[in-house]
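So you can see what is in the structure, the chains are spelled out below.
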Amino acid sequence: MVSSIRFIQKPAAKPAQERTGTKMKAVITVTGKDTTGIIAGVSGVCAECGANIVDISQSVLKEYFAMIMVVELSGMNTSFGNFADRLEELGKDKGLVIQTMHEDIFNSMHRI
Amino acid sequence: MLNTQDILETINMIREENLDIRTVTMGISLFDCVSEDPERFCAKMYDKITKSAEKLVSVCEEIEKTYGIPIINKRVSVTPISIVGGAMDRDGYVKAALTMEKAAQALGINFIGGFGALVQKGFSKGASALVSAIPQAMSETEIVCSSVNVASTKVGINMDAVSLMGGVIKETARLTGDRGSIGCAKIVVFANVPDDNPFMAGAFHGMGEPETVINVGVSGPGVVANAVRRAGNCNLTQLAETIKKTAFKITRMGQLVANEACKRLGVPFGIVDLSLAPTPAVGDSVAYILEEMGVGKTGGHGTTAALAMLNDAVKKGGLMASSHVGGLSGAFIPVSEDAGMIAAAECGALTLQKLEAMTAVCSVGLDMIAIPGDVSESVICGIIADEISIGVANTKTTAVRVIPAYGKKAGDSVEFGGLLGKAPVMPVSPYDPSVFISRGGQIPAPIHSLKN
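Because the structure is predicted, anything quoted here is derived from the model rather than measured.

Explain the overall build of chain A to me, please; I cannot follow it from the model alone.
Helices and strands together make up the secondary structure of chain A, namely four helices and four strands. Ordering the α and β elements of chain A from the N terminus gives α-β-α-β-β-α-β-α. Burial analysis of chain A (112 residues in total) assigns 29% to the buried set. If you take every contact in chain A between residues at least 6 apart in sequence, the share linking residues at least 24 apart comes to 70%.

See below:
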């Protein structure tokens, strides 16, 4: 009986980015003042980390730059946290806000 | 495919409207820590808590990073200590509270709850010793929270317990008088207390709960207030729809975080608590939602109706978004933690009497209300008895967390800092209920038919 308690506690699954077989995606949003080399910088980090860009949309309103990039994570050679940190650092260097979020948050909020 | 509009909406909610996960609370059973020897009990409890929740903070931080959603508090709740510590005396219970504090500090969590007792029908030896230990325990710890359930719809109100709690609160206020009587902010007196509440100060790990469990409390008053603002000049049916849809989105995020935390910690999922929990931050206020709905000032006539609708719509929207809903689920109205409530209390629009009426239609009860430090014990007991009877008669959870601010009088204010905010000291009725309170005994359970 005692062991049955342990039995119903499911074993820990691997974190999302470590699971294989499914194509996990992340959404990178970049906002701030337009300068040269923003996309080059972001896609450079993606390439180094093994994140494959599947979609980019961007707009520039006056001086304000906004980009949404969707990347696929199955080939990643680093942790999600590290990837997000590197992009955030890049944003700080260029005076931009770069946020990297797992796509599940958008899916769960906007899809039933 | 993800839609740009949806992405921007989510990001705007988090960045501009203070959307966050208020708490991921891990419930831990302490039944296997029972021991005759207080030292041994404390040692076992320390090990159990620190081992079970070892990864709680780091996993929550990983989730924050992955989803870009802030998790404001990481908390632990344990089996009510009076139940597992039965044989100990008062000193033993104080030691247990200090051990909880030590374990919580070691884990790096924000609060630990469960230093409590269930006394709706009477006091066991352990419950009696624990309640007497509350003032000292609360004054010697920073993040240990205490709750005492004094009533339920099934059994009525234990007025002996109500009368005792007035003294406990008063004494705690005195002992922590140099810190704005902050000890009282960590004590809640409950009716119909839920077993799976992730919110403090009332969180504990109920008797029928599994060995360990994850309960998540969502927040998001700012998101709802903005949605109401954007809805513009619509009628209340349409407004209720808007609130429901917004609550759905907020709760889905809570469910996602809960699922992910359970997976990564290897702990079963308990519930998502669908509460609108305000913070003192500008724009994160439940009072502002009510004012956005059109109530001139929170506390004015119409406030109770607006709050009832808001509370109901939040539940309806949230219910479908989560597989298990529980805890307190509803709109919170803690005065000191809500910028709009503070403003309304300061200008005299919001009174204790109106707050009491509001608690009949929303979650929790008289929460984080500072009253003058010289208020008598029996008046505090009267406040508790009134609020508790609202819960008992209406088959809902109600609670009292009042702070008799030591050395302060009506019109002053007390600063607690952090999530606890700043409380304007509110006047109370000067008439003395001591004869009623000193009668003691049990107010019988209310009848469940012939309702009106």
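What should I look at first to understand the pairing of strand β5 (residues 144-152) of chain B in this one?
Regular strands show a simple pattern: their side chains alternate between the two faces of the sheet. Residues and elements named next belong to chain B. The buried fraction of β5 is high, at nine of nine residues. Sheet topology note: the strand β3 (residues 111-113)/β5 ladder contains two bridges and is parallel. Bridge assignment links Gly113 to a residue of β5, and that residue is Cys145. For the handedness criterion, the β-α-β arrangement of strand β4 (residues 117-118), helix α6 (residues 125-140) and β5 is classed as right-handed. Across two bridges, β5 lies against strand β6 (residues 156-158) in antiparallel orientation. Bridging across to β6, Ser152 finds its partner in Gly156. Counted along the chain from β5 to the antiparallel partner β6, the turn is three residues long.

Even after reading the chapter, I still don't get the packing of helix α10 (residues 286-293) of chain B against helix α12 (residues 339-346) of chain B, so can you show me in this structure?
Helix packing geometry: the angle between the two helix axes and the distance between the axes. Residues and elements named next belong to chain B. It is at 5 Å that the axes of α10 and α12 come closest, and there the two elements cross at 75 degrees. Taken together, the axis directions place α10 and α12 in an arrangement best described as roughly perpendicular. Across the interface between the two elements, Ala287, Tyr288 and Glu291 of α10 pack against Gly340, Met341 and Ala344 of α12. Split by residue class, the contact of α10 with α12 holds four nonpolar, one polar and one charged.

Would you explain the environment of Cys362(B) in this entry?
Residue and element names in this part refer to chain B. Within the secondary structure, Cys362 is located in the loop between α13 (352-359) and β10 (366-372). What makes Cys362 buried here is the crowd of 24 C-beta atoms within 10 Å. In the structure, Cys362 is positioned 35 residues away from Thr397 in sequence and 9.4 Å away in space, judged by C-alpha atoms. Setting aside residues no more than four positions away along its own chain, Cys362 makes contact with Leu307, Asn311, Gly330, Ala331 and Ile333.

Please clarify how helix α2 (residues 38-49) of chain A should be interpreted in this entry.
The periodicity of an α-helix, 3.6 residues per turn, causes residues three or four positions apart to be oriented the same way. Residues and elements named next belong to chain A. The first and last C-alpha atoms of α2 sit 17 Å apart over 12 residues, in line with the 16 Å expected at 1.5 Å per residue. On its buried face, α2 sits against β1 (25-33), β2 (52-61), β3 (64-72), α3 (80-94) and β4 (96-102). Once α2 ends, the next one or two residues include Gly50, with phi positive near 80 degrees.

Honestly, the interface of chain B and chain A in this entry has me stumped. Any pointers?
Accessible area lost upon the coming together of the parts serves often as the stated size of an interface. Facing the 24 residues of chain B at the interface are 27 residues of chain A. Those elements that place two or more of their residues in the side of chain B that touches chain A are α1 (4-15), α3 (56-67) and α9 (236-265) of chain B. Of the residues forming the side of chain B that touches chain A, the biggest block, eight residues, is contributed by α9(B). Tallied by class, the residues present in the side of chain B that touches chain A amount to 10 nonpolar, six polar and eight charged.

Can you walk me through the confidence of the model for chain B in this structure?
Do not read the predicted coordinates in detail wherever pLDDT is low. Residues and elements named next belong to chain B. Averaged over chain B, the pLDDT score is 93; the fraction of residues at 70 or greater is 100%. Summarising per-element confidence for chain B, the mean pLDDT is lowest in α1 (86) and highest in β6 (97). Interface confidence for the predicted complex, given as ipTM, is 0.78, next to a pTM of 0.88.

Thresholds, definitions, all that
- Residues numbered from 1 in each chain as written.
- Chains lettered and ligands numbered in written order.
- Predicted model: local features only at pLDDT ≥ 70, side-chain atom pairs only at ≥ 80, totals over all residues.
- Helix = DSSP H or I, 4+ residues; strand = E, 2+ residues; numbered from the N terminus.
- Buried ≥ 20, exposed ≤ 12 C-beta atoms within 10 Å, placed from the backbone.
- Contact = placed C-beta atoms within 7 Å.
- Pairing = 2+ DSSP bridges.
- Right-handed = clockwise from strand over helix to strand, strands pointing away.
- Axes fitted to C-alpha atoms, helices over the stretch in contact; angles between N-to-C directions.
- Parallel < 35°, antiparallel > 145°, perpendicular 65-115°, else oblique.
- Nonpolar A, V, L, I, M, F, W, Y, C, P; charged D, E, K, R; others polar.
- Expected span 1.5 Å × (residues − 1).
- pLDDT = per-residue confidence, 0-100.

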